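Notes for the structure review
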Amino acid sequence: MNKFNLKDQTAVISGAARGLGLAFAEVLASAGCNIAVLDVVHEPSLALYGLRSQHNIKVKYYIVDITVRDQVMNTVSEIAQDFGRIDININAAGVVIDEPFLTTSDEILQRIFAVNVNGSFFVAQACANAMVERYKSQHGDAPAKDATTGSIIFIASIATYIASTAQQISCYTASKAAIKGLVKPVAMELSPYGIRVNSLSPGYTMTEMMKTLQSKQPDLVKQFEKETLFGRIGLPEEMKGGMLWLCSSEASGWYTGQDLLLDGGATSWKHPAVLT
Ligand SMILES: NC(=O)c1ccc[n+]([C@@H]2O[C@H](COP(=O)([O-])OP(=O)(O)OC[C@H]3O[C@@H](n4cnc5c(N)ncnc54)[C@H](O)[C@@H]3O)[C@@H](O)[C@H]2O)c1
């Protein structure tokens with residue numbers, strides 16, 4: 001039996017126009033999962049549409065600003081209609097701004113929390129309601145004894161484990177800690193419906209987000225390279241296995257209310273960069 005088969009399931013993924021969200025869409029598609037994407041970008045990577053013919057699955061792209069509750073609620077009900085069901089929700093849309101704590105403005109504070117916290121909250125809430133509705137239509141009020149209804153995954157960050165001298169991202173870090181703060185109580189509240197809730201914390205990973213930071217701070221990646229145990233930063237590809245495992249109830253059905261840190265060992269040692 002293939003524990004990682006997601007055939008005929010549907011995943012709602014925010015932020016999958018590119019970067020980590022796209023990598024998650026790719027690995028779920030390879031397991032037969034249909035993909036619905038929420039993103040603000042008007043033209044997502046062509047690789048997203050290529051998944052249709054590559055894996056014989058359904059892929060639909062919805063242009064949505066996840067900070068706007070009504071847009072999110074309407075789009076998620078449209079997805080439930082278009083796909084017939086929602087089984088998985090990954091909340092990968094996120095923004096980062098490098099700004100010292102002492103000068104962080106209201107505008108930065110509100111922008112980062114609006115996307116990373118409120119946006120992820122809205123999407124997860126809408127998807128959870130669709131999952132609960134499906135559970136109740138099949139099982140009534142009987143509490144679930146296993147977690148086969150669905151899996152919700154928030155994206156937190158290595159930043160919530162360790163501060164790097166290479167960045168000043170207190171506001172971003174607080175937003176990611178807020179997301180991690182949702183995991184345990186929501187896992188508890190949704191368990192009667194057979195839904196698991198976890199977060200995945202990527203370490204430093206080469207995506208558009210990292211490239212944008214690097215364009216303003218050319219030595220950033222060099223510094224991060226010194227901080228992992230393998231002398232390099234991670235690739236989106238390297239987050240795929242962990243995400244597939246989190247999504248499959250056959251594979252990770254007993255794992256809920258937790259954070260999975262994938263950081264190439266960066267939080268496991270005293271960095272030589274700091275010692276010298
Ligand atoms: N790259 C890293 O090193 C790293 C490390 C730790 C955590 N993360 C987190 O992983 C997630 C993905 O990051 P990434 O590196 O792929 O970033 P990215 O910038 O490459 O991709 C983020 C995606 O989110 C979308 N998005 C932003 N605001 C949105 C909004 N309001 N509504 C809808 N979509 C919106 C963007 O259009 C983009 O497609 C983020 O939550 C990020 O904080 C990244």
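For the structure given in this document, a descriptive report is provided here. Bear in mind the structure is a predicted one, so any value in this text is a computation, not a measurement.

**Examining the overall build of the protein chain**
In terms of helices and strands, the protein chain carries 10 helices and 7 strands. Against the 2.2 N^0.38 benchmark of 19 Å for 276 residues, the protein chain shows a C-alpha radius of gyration of 18 Å, consistent with a compact globule. Seen along its three principal axes, the alpha-carbon backbone of the protein chain occupies a region of about 60 × 40 × 40 Å. Residue burial in the protein chain is summarised as follows: out of 276 residues, 49% are buried.

**Remarks on the pattern of salt bridges**
Using the criterion set out here, one finds 9 salt bridges in the structure. Here R85 ties to D87 by a salt bridge, and the two come within 2.7 Å at their closest N and O atoms. For R85, a relative accessible area of 32% gives the class partly exposed. Through salt bridges with shared partners, a single ionic network connects E26, E237 and K240.

**Here we look at the packing of helix α1 (residues 19-30) against helix α8 (residues 240-247)**
Interhelical geometry of α1 versus α8 gives an angle of 60° and a closest axis separation of 9 Å. With respect to α8, the axis of α1 lies oblique. Crossing geometry of α1 relative to α8 is assigned as right-handed. Contacts between α1 and α8 involve A23, F24, E26, V27 and L28 on the former and, on the latter, K240, M243, L244 and C247. Classifying every residue of the contact of α1 with α8 gives 7 nonpolar, no polar and 2 charged.

**Re the packing of aromatic side chains**
What the rule picks out here adds up to 3 aromatic pairs. Ring plane angle 80° and centroid distance 6.0 Å describe the contact between Y135 and Y193, whose orientation is recorded as edge-to-face. Of this pair, Y135 sits in helix α4 (residues 106-139) while Y193 sits in the loop between α5 (170-190) and β6 (195-202), placing them 58 residues apart in sequence. A residue is classified by how much of its surface remains accessible, and Y135, at 5% relative accessible area, is buried. Aromatic pair Y204 and F224: ring centres 3.7 Å apart, planes at 5°, arrangement stacked. Of this pair, Y204 sits in the loop between β6 and α6 (208-216) while F224 is found in helix α7 (residues 220-227), placing the two residues 20 residues apart along the sequence. The ring of F83 has K58 sitting right over it, with the charged end atom 4.8 Å from the ring centre.

**Focus on the sheet that holds strand β2 (residues 34-39)**
Read across the sheet, 7 strands follow the order β3-β2-β1-β4-β5-β6-β7 without closing on themselves; strand pairing throughout is parallel. Of all strands in the sheet, those bounded by a partner on one side alone are β3 (59-63) and β7 (259-262). The average undirected angle you get between the axes of adjacent strands in this sheet is 15°. Pairing of β2 with β3, which is carried by 5 bridges, proceeds in the parallel orientation. Across the sheet, V37 pairs through a bridge with Y61, a residue of β3. The strands that α1 touches are β1 (10-14), β2, β4 (88-91), β5 (150-155) and β6; relative to β1, the one it contacts most, it runs at about 170°. With respect to the sheet, helix α2 (residues 46-55) is in contact with β2 and β3, its orientation differing from that of β3 by roughly 155°.

**Concerning the site of the ligand**
Close to the ligand lie 30 residues, the nearest being L20, D39, Y172, K176 and T207. Within the backbone of I66, a nitrogen or oxygen atom sits 3.0 Å from a nitrogen atom of the ligand. Contact with the protein chains hides 96% of the accessible area of the ligand, taken as 830 Å² for the molecule alone. According to the grid-proximity analysis, the pocket containing the ligand is the largest pocket.

**Focus on the nonpolar core**
L28, I35, I90 and M243 are the most contacted members of the largest nonpolar core, which has 33 residues in total. Elements with a contribution of two residues or more to this core: β1, α1, β2, α2, β3, β4, β5 and α8. With 7 residues, α1 is the single largest residue contributor to this core. Excluding its chain neighbours within four sequence positions, the residues that come into contact with M243 are F24, L28, I90, I153, I155 and L200. Counting 30 residues, the second largest nonpolar core, distinct from the first, contains A36, V64, V76 and A126.

**Overview of the packing of helix α3 (residues 69-83) against α4**
Two elements in contact, α3 and α4, have axes separated by 9 Å at closest approach and are oriented at 30°. On the basis of their axis angle, the class for α3 and α4 is roughly parallel. When the axes of α3 and α4 are compared, the crossing they make is right-handed. Where α3 approaches α4, its residues R69, V72, M73 and V76 are matched on the opposing element by F122, V123, Q125, A126 and C127. Among the residues forming the contact of α3 with α4, the class breakdown is 7 nonpolar, 1 polar and 1 charged.

Reading the values: rules and limits
- Residues numbered from 1 in each chain as written.
- Predicted model: local features only at pLDDT ≥ 70, side-chain atom pairs only at ≥ 80, totals over all residues.
- Heavy atoms only, no water.
- Helix = DSSP H or I, 4+ residues; strand = E, 2+ residues; numbered from the N terminus.
- Rg over C-alpha atoms; globule rule 2.2 N^0.38 Å.
- Buried < 20%, exposed > 50% of the residue type's maximum accessible area, 1.4 Å probe, protein only.
- Salt bridge = Lys/Arg side-chain N within 4 Å of Asp/Glu carboxyl O.
- Axes fitted to C-alpha atoms, helices over the stretch in contact; angles between N-to-C directions.
- Parallel < 35°, antiparallel > 145°, perpendicular 65-115°, else oblique.
- Left-handed = near helix turned anticlockwise from the far one by under 90°.
- Contact = heavy atoms within 4.5 Å.
- Nonpolar A, V, L, I, M, F, W, Y, C, P; charged D, E, K, R; others polar.
- Phe/Tyr/Trp six-rings, centres within 6.5 Å; stacked < 30°, edge-to-face > 60°.
- Lys NZ or Arg CZ within 6 Å of the ring centre and 35° of its normal.
- Pairing = 2+ DSSP bridges.
- Near = heavy atom within 4 Å.
- Polar contact = N/O pair within 3.5 Å; in protein donor to acceptor, adjacent residues only side chain to side chain.
- Areas by Shrake-Rupley, 256 points an atom, 1.4 Å probe, with all protein chains shown as cover.
- 1 Å grid on protein atoms, 1.4 Å probe; cavity = no way out; pocket = protein on both sides within 12 Å on 5 of 7 lines; lining within 4 Å.
- Sits in = over half its atoms within 2 Å of the grid points.
- Core = buried A, V, L, I, M, F, W, Y, C linked by side-chain atoms within 4.5 Å.

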